[in-house]
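Here are the chains, one letter per residue:
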Amino acid sequence: MLFRSLRRRAWFGALTFAAFNALWTTLSFHLYAAPFHYSNGVIGLFGLFGVAGVIAANLAGHSADRQRTHLATVVSAVLTGASFLILYLGRNSFVAIALGIIILDAGMQGMHITNQSIVYALLPESRSRINSAYMVCCFIGASVGSFAAGQLYAACGWAGDCWLGGGIGLGLLVPALIWRSPVTV
């Protein structure tokens, strides 16, 4: 049970970080090109939209405290996939891109906090080892997401990146609907 929960949460973590990096790897290229032609300074300011994730992290923490981790997982997966749909449909809109960033960050933070609340409860006396295993998977996911986004952006542009993120969102949602991870062993 312990390793199954850790594997599942590592899967969610890896995919969540892959989606997050898929956006941030190529966003500057998209915003530098037409129709935006933004400068590096303006592009950097888009990171401020991610502050909304603080609210999602707080809500996910409350959900975990109330044993509602399955709901938090499903909602976070939906937000992740929906963000890329918004980013795709609003690819030429400042407002849509800002909204997509806010929603992606909310989904990412919600999933990450939910994952941590579950894996930390698995074996409290081994939190650092469990966290190491979980975070290695997250960083591998982030690296793969960044690499894939770069390749797809080079081949298909912004649409390729959004399709990648949407696919990752589905890869989160399907198991989120199926798996129910217990908070304790």
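Student: Would you explain helix 3 (residues 53-65) in this entry?
Tutor: For an α-helix the count is 3.6 residues per turn, leaving residues at separations of three or four pointing the same way. Between its first and last C-alpha atoms helix 3 spans 18 Å; for 13 residues at 1.5 Å apiece the expected length is 18 Å, and the two agree. Along helix 3, the residues classified as buried are Gly-53, Ala-56, Ala-57, Ala-60, Gly-61, Ser-63 and Ala-64. All buried residues of helix 3 fall inside an arc of 160° around its axis, so they share one side. Facing away from the buried surface of helix 3 by more than 90 degrees, the exposed residues are Val-54, Ile-55, Leu-59 and Asp-65. Of the surrounding elements, those touching the buried residues of helix 3 are helix 4 (69-89) and helix 5 (94-122). Positive backbone phi, at 65°, marks Gln-67, one or two positions downstream of helix 3.

Student: In this structure, what is going on with the environment of Leu-79? I would like to understand it.
Tutor: Among the secondary structure elements, Leu-79 is positioned in helix 4. Residue classification places Leu-79 among the partly exposed positions, given a relative accessible area of 27%. For the pair Leu-79 and Ile-102, spaced 23 residues apart in the sequence, the C-alpha separation amounts to 9.6 Å. In this view, Leu-79 contacts Ile-103, Ala-106 and Gly-107; residues no more than four positions away in its chain are not counted.

Student: Honestly, the packing of helix 1 (residues 2-32) against helix 5 in this entry has me stumped. Any pointers?
Tutor: A pair of packed helices can be characterised by two numbers: the angle between their axes and the separation between those axes. Put simply, helix 1 and helix 5 touch, their axes get as near as 10 Å, and they point 160° apart. Viewed along their axes, helix 1 and helix 5 adopt a mutual orientation that is roughly antiparallel. Taken as a pair, helix 1 and helix 5 cross one another with a handedness that is left-handed. Of the residues contributing to the contact of helix 1 with helix 5, the split by class is 18 nonpolar, 7 polar and 2 charged.

Student: Explanation requested: the nonpolar core in the structure shown.
Tutor: Buried together is how nonpolar side chains tend to be arranged in soluble globular proteins. Core analysis: the biggest nonpolar cluster contains 38 residues, and Leu-23, Leu-27, Leu-31, Leu-87 and Ile-97 have the highest contact counts within it. Ranked by residue count, the leading element in this core is helix 1, at 12 residues. Beyond its immediate sequence surroundings of up to four residues, Leu-23 is in contact with Phe-84, Leu-87, Ile-101, Leu-104, Trp-158 and Asp-161.

Student: Explain unusual backbone geometry to me, please; I cannot follow it from the model alone.
Tutor: Excluding glycine, residues mostly have negative phi values, and the peptide bonds linking residues are mostly trans. A cis amide bond links Ala-34 with the next residue in sequence, Pro-35, at an omega value of 5°. By secondary structure assignment, the location of Pro-35 is in the loop between helix 1 and helix 2 (40-45). For Gln-67, which is not a glycine, the phi torsion comes out positive at approximately 65°. Among the structural elements, Gln-67 can be located in the loop between helix 3 and helix 4.

Student: Help me understand the packing of helix 1 against helix 7 (residues 158-178), please; the structure alone is not making it clear to me.
Tutor: The N-to-C vectors of helix 1 and helix 7 enclose an angle of 165°; their axes lie 10 Å apart at closest approach. Classified by the angle between their axes, helix 1 and helix 7 sit roughly antiparallel to one another. The handedness of the crossing between helix 1 and helix 7 comes out as left-handed. Contacts from Trp-11, Phe-12, Leu-15, Thr-16, Ala-18, Ala-19, Ala-22, Leu-23, Thr-26, Leu-27 and His-30 in helix 1 reach Trp-158, Asp-161, Leu-164, Ile-168, Gly-171, Leu-172, Pro-175 and Ala-176 in helix 7.

Rules of the game
- Per chain, residue numbering runs from 1 following the sequence as it is written.
- For this predicted model, a pLDDT threshold of at least 70 governs which residues receive local features, and a threshold of 80 or more governs which side-chain atom pairs are given and counted, while totals over whole chains, interfaces and linings are taken from all residues.
- By convention in this description, side-chain values take in all heavy atoms of the structure and omit both hydrogens and water.
- Helix and strand definitions here come from DSSP, where helices need a minimum of 4 consecutive H or I residues and strands a minimum of 2 consecutive E residues; each element is numbered from the N-terminal end.
- Given a helix with a known number of residues, its expected span is that number minus one, times 1.5 Å.
- Type-normalised accessible area, obtained with a 1.4 Å probe on protein chains alone, sets the label of each residue: buried when under 20%, exposed when over 50%, and partly exposed for intermediate values.
- In this description, the arc belongs to the directions extending from the helix axis to the C-beta atoms.
- Contact criterion: two residues are considered in contact whenever any of their non-hydrogen atoms come within 4.5 Å of each other.
- Axes here mean lines fitted to C-alpha atoms, for a helix over just the part in contact, with angles spanning 0 to 180 degrees between N-to-C directions.
- Our angle categories are set so that under 35 degrees counts as roughly parallel, over 145 as roughly antiparallel, 65 to 115 as roughly perpendicular, and the remainder as oblique.
- Two helices crossing with the near one rotated counterclockwise from the far one by less than a right angle form a left-handed crossing, whereas a clockwise rotation gives a right-handed crossing.
- Ten residue types, Ala, Val, Leu, Ile, Met, Phe, Trp, Tyr, Cys and Pro, are classed as nonpolar, four, Asp, Glu, Lys and Arg, as charged, and the remainder, Gly among them, as polar.
- Residues grouped as a nonpolar core are buried Ala, Val, Leu, Ile, Met, Phe, Trp, Tyr and Cys residues, joined through side-chain atoms within 4.5 Å.

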